[in-house]
Number of protein chains: 4
Amino acid sequence: MTSKAEIAAFLAAEFPQTRCTVEAVGHRSASVRHPIGEDELRPGGTVSGPVMMAVADVALYVALLGAIGIVPLAVTTNLNINFLRKPSADRDIIARCTLLKVGRSLAVGEVSLYSEGWEDPVAHAVGTYSIPPDAGR
Amino acid sequence: MTSKAEIAAFLAAEFPQTRCTVEAVGHRSASVRHPIGEDELRPGGTVSGPVMMAVADVALYVALLGAIGIVPLAVTTNLNINFLRKPSADRDIIARCTLLKVGRSLAVGEVSLYSEGWEDPVAHAVGTYSIPPDAGR
Amino acid sequence: MTSKAEIAAFLAAEFPQTRCTVEAVGHRSASVRHPIGEDELRPGGTVSGPVMMAVADVALYVALLGAIGIVPLAVTTNLNINFLRKPSADRDIIARCTLLKVGRSLAVGEVSLYSEGWEDPVAHAVGTYSIPPDAGR
Amino acid sequence: MTSKAEIAAFLAAEFPQTRCTVEAVGHRSASVRHPIGEDELRPGGTVSGPVMMAVADVALYVALLGAIGIVPLAVTTNLNINFLRKPSADRDIIARCTLLKVGRSLAVGEVSLYSEGWEDPVAHAVGTYSIPPDAGR
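Residues numbered from 1 in each chain as written. Chains lettered and ligands numbered in written order. Predicted model: local features only at pLDDT ≥ 70, side-chain atom pairs only at ≥ 80, totals over all residues. Heavy atoms only, no water.

**Q** Describe the packing of helix α1 (residues 4–14) of chain C against helix α2 (residues 49–68) of chain C, listing the residues and the values that go with them.
**A** All names here are of chain C. As a packed pair, α1 and α2 sit with axes 11 Å apart at the nearest point and diverge in direction by 130°. Classified by the angle their axes make, α1 and α2 are oblique. For the pair α1 and α2, the crossing hand works out as right-handed. Contact residues: I7, F10, L11 and E14 in α1; V58, Y61, V62, L65 and G66 in α2. The residue makeup of the contact of α1 with α2, split by class, is 7 nonpolar, 1 polar and 1 charged. (Axes fitted to C-alpha atoms, helices over the stretch in contact; angles between N-to-C directions. Helix = DSSP H or I, 4+ residues; strand = E, 2+ residues; numbered from the N terminus. Parallel < 35°, antiparallel > 145°, perpendicular 65-115°, else oblique. Left-handed = near helix turned anticlockwise from the far one by under 90°. Contact = heavy atoms within 4.5 Å. Nonpolar A, V, L, I, M, F, W, Y, C, P; charged D, E, K, R; others polar.)

Printed below as a string of structure tokens:
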């Protein structure tokens, strides 16, 4: 399995814009963290939806890299997200991904997103990544 | 109908992070534009998926404001996006939204995203916004 | 909490077409079973996609009834399903639903579908039910 | 392009359970019809959600066959459906599909579903079909 440090380095190169950090990488699972501050909030103290979509996408990507190794050019083909509760304005977002399928060309995973320390998720996503054919596995 | 200028001003207040600009607002439709530069690209010259998700979300929001007026606190409850083709690295993303339903409490719309000037979409999204009960319409 | 027998009776009245049976109803969860025979198969021995969509929809409905009681006229507003593996042609489909949110007007749940006895799911769905305002809870 | 009659014959063999008929097949588009009677209704005169999911799936399949020819074993990998309005209890359901992408291994399309003669759709779906690698195109 690919190490957390390798994945964190690769993530920084592939998604240079993201402020997500890798919390853990397990067997077909991963968790990532995103800080919440002024840049992530909408008026009323709601975390912006696109921030949560981005965190869900990164969590899927990190879990995939953990499962199949460092594979450049894997791209999302589908992402479906449901927003469930108003997140906290002053807690980090934690996203936990579990892969449901890791096939030759497609991987599918689900992600639960939490305001750190909360029991109930603030959002839930399911996404598909396309794995390039020359991934050499 | 709410004017394009009113919506642009409200969008800047509600989504202060977005770099989207409003191109047009019509009857249950809208189009928005997002510039593409280093901040939006992944290695290989792909526009980052989260950027396109954010643009789709804003296009839905702008179309909704055009249809029901300036309503604070409308929030996305669901967004589903399919990534169809590799976008251009040096063309703006243009998103065109058509609302499929504008109900009392929920509005649903679809969004086609293009690299400017292309005939075929680079992504397609469908999303639901929840309209607050006290929207006073 | 509503009993399994009450829900089974109501399901038979509301979805008279379904061949699903209720296996279990728990706290914000449910499982249902659907027999697989000639009527559910496509050539090649694949369970027809629409059969699995129907089973996912019923599993969500049963879990919702378990959580909020017998409420007529609750309707699905969104369902997203991913087909993960070819199901067995001679095993029942078992669907296990967990509710992610039970709000005043919307409930969201996820469903994993299995060929009976398999460890990995053959499909995974996420759906939203709209709860009528006069549900009297 | 494959003829409507060829596709209708193949559909009858691949989806023997469906009561859908092929209305038209065009360039990356198709429309299908499903009769509505007691078997498709829930109490209150609502068309059952699973019936509409099945019609959407068939519309996608017919459009795909029209675009790439008679290809056995193409299977749905993802379907997302939004239910927008209560359908009529005594009008056929008409589904119109437009393909958004026809790639080597994946095709994506959107489907609008109508109670026959209505202007506004009763449901809207987006789905992905996986095309088998030996499709010989």
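**Q** Can you explain the relation of the copies chain A and chain B? Please cite residues and give values.
**A** The operation relating chain A to chain B is a screw motion whose rotation component is 180°, with 0.0 Å of axial translation and a residual RMSD of 0.0 Å. Here the symmetry operator amounts to a two-fold rotation axis. Closest to the rotation axis within chain A is the C-alpha of N80(A), separated from it by 2.1 Å. (Least-squares fit on C-alpha atoms with pLDDT ≥ 70 in both.)

**Q** Run through the relation of the copies chain C and chain D, naming residues and quoting values.
**A** For the pair of chain copies, the relating operation is a rotation around an axis with a shift along it. If you rotate chain C by 180° and push it 0.0 Å along the axis, it lands on chain D with an RMSD of 0.0 Å. Of the interface residues in chain C, 100% have counterparts in chain D that sit at the interface too, so the contact is made through matching surfaces.

**Q** Please provide a residue-by-residue account of the sheet that holds strand β7 (residues 106–115) of chain A, values included.
**A** In any sheet, the strands associate via hydrogen bonds between backbone groups, in a parallel or an antiparallel arrangement. Read across the sheet, 12 strands follow the order β1(A)-β2(A)-β6(A)-β7(A)-β8(A)-β5(A)-β5(B)-β8(B)-β7(B)-β6(B)-β2(B)-β1(B) without closing on themselves; strand pairing throughout is antiparallel. Two strands close off the open sheet at either side, each with one partner strand: β1 (21–26) of chain A together with β1 (21–26) of chain B. Averaged over all pairs of adjacent strands, the angle between strand axes in this sheet comes to 20°, irrespective of strand direction. Examined bridge by bridge, strand β7 (residues 106–115) of chain B and strand β8 (residues 123–130) of chain B share 8 bridges and lie antiparallel to one another. Each bridged residue has a counterpart across the sheet, and for A107(B) the counterpart in β8(B) is Y129(B). Contacts between helix α2 (residues 49–68) of chain B and the sheet are confined to β5 (75–83) of chain A together with β1, β2 (29–34), β5 (75–83), β6 (93–102), β7 and β8 of chain B, with β6(B) contributing the most and set at about 45° to the helix. (Pairing = 2+ DSSP bridges.)

**Q** Which residues make up the interface of chain A and chain B, and what are the values?
**A** Opposite the 28 residues of chain A that make contact, chain B presents 28 residues. Summed over both partners, the interface of chain A with chain B comes to about 2,300 Å²; 49% of that surface belongs to carbon and sulfur atoms. Counting every contact that joins chain A to chain B gives 2 salt bridges. E14(A) is paired through a salt bridge with R42(B); the nearest N and O atoms lie 2.8 Å apart. Our count for the contact surface shared by chain A and chain B stands at 22 residue pairs in polar contact (both at pLDDT 80 or more). Those elements that place two or more of their residues in the side of chain A that touches chain B are α1 (4–14), β3 (41–42), α2 (49–68) and β5 of chain A. The greatest single-element share of the side of chain A that touches chain B, amounting to 9 residues, is contributed by β5(A). (Buried area = accessible area lost by both parts, 1.4 Å probe. Salt bridge = Lys/Arg side-chain N within 4 Å of Asp/Glu carboxyl O. Polar contact = N/O pair within 3.5 Å; in protein donor to acceptor, adjacent residues only side chain to side chain.)

**Q** Break down the pairing of β6(B) for me, with residues and values.
**A** Consecutive residues of a regular strand have side chains that alternate between opposite faces of the sheet. All names here are of chain B. Of the strand pairs in this sheet, β2 and β6 are connected by 6 bridges, and their pairing is antiparallel. If you follow S31 over to β6, its bridge partner there is R96. Where β6 lies against β7, 9 bridges are found, and the strand directions are antiparallel. The residue bridging L99 from the neighbouring strand is G109, located in β7. What sits between the antiparallel neighbours β6 and β7 is a turn of 3 residues.

**Q** Break down the interface of chain C and chain D for me, citing the residues and quoting the values.
**A** Reports often express the size of an interface as the amount of accessible area lost when the parts come together. On the side of chain D, 28 residues touch chain C, which itself brings 28 residues to the contact. Carbon and sulfur atoms make up 48% of the area that chain C and chain D hide from each other, which totals about 2,300 Å². It is Q17(C), R42(C) and M53(C) in chain C that bury the most area against chain D; as a group they hold 25% of the surface buried on that side. Our count for the contact surface shared by chain C and chain D stands at 2 salt bridges. Applying the counting rule to chain C against chain D returns 22 residue pairs in polar contact (both at pLDDT 80 or more). Broken down by secondary-structure element, the contributors of at least two residues to the side of chain C that touches chain D are α1, β3 (41–42), α2 and β5 (75–83) of chain C. With 9 residues, β5(C) is the single largest residue contributor to the side of chain C that touches chain D. Taken together, the residues that form the side of chain C that touches chain D break down as 15 nonpolar, 7 polar and 6 charged. Examined bridge by bridge, β5(C) and strand β5 (residues 75–83) of chain D share 5 bridges and lie antiparallel to one another.

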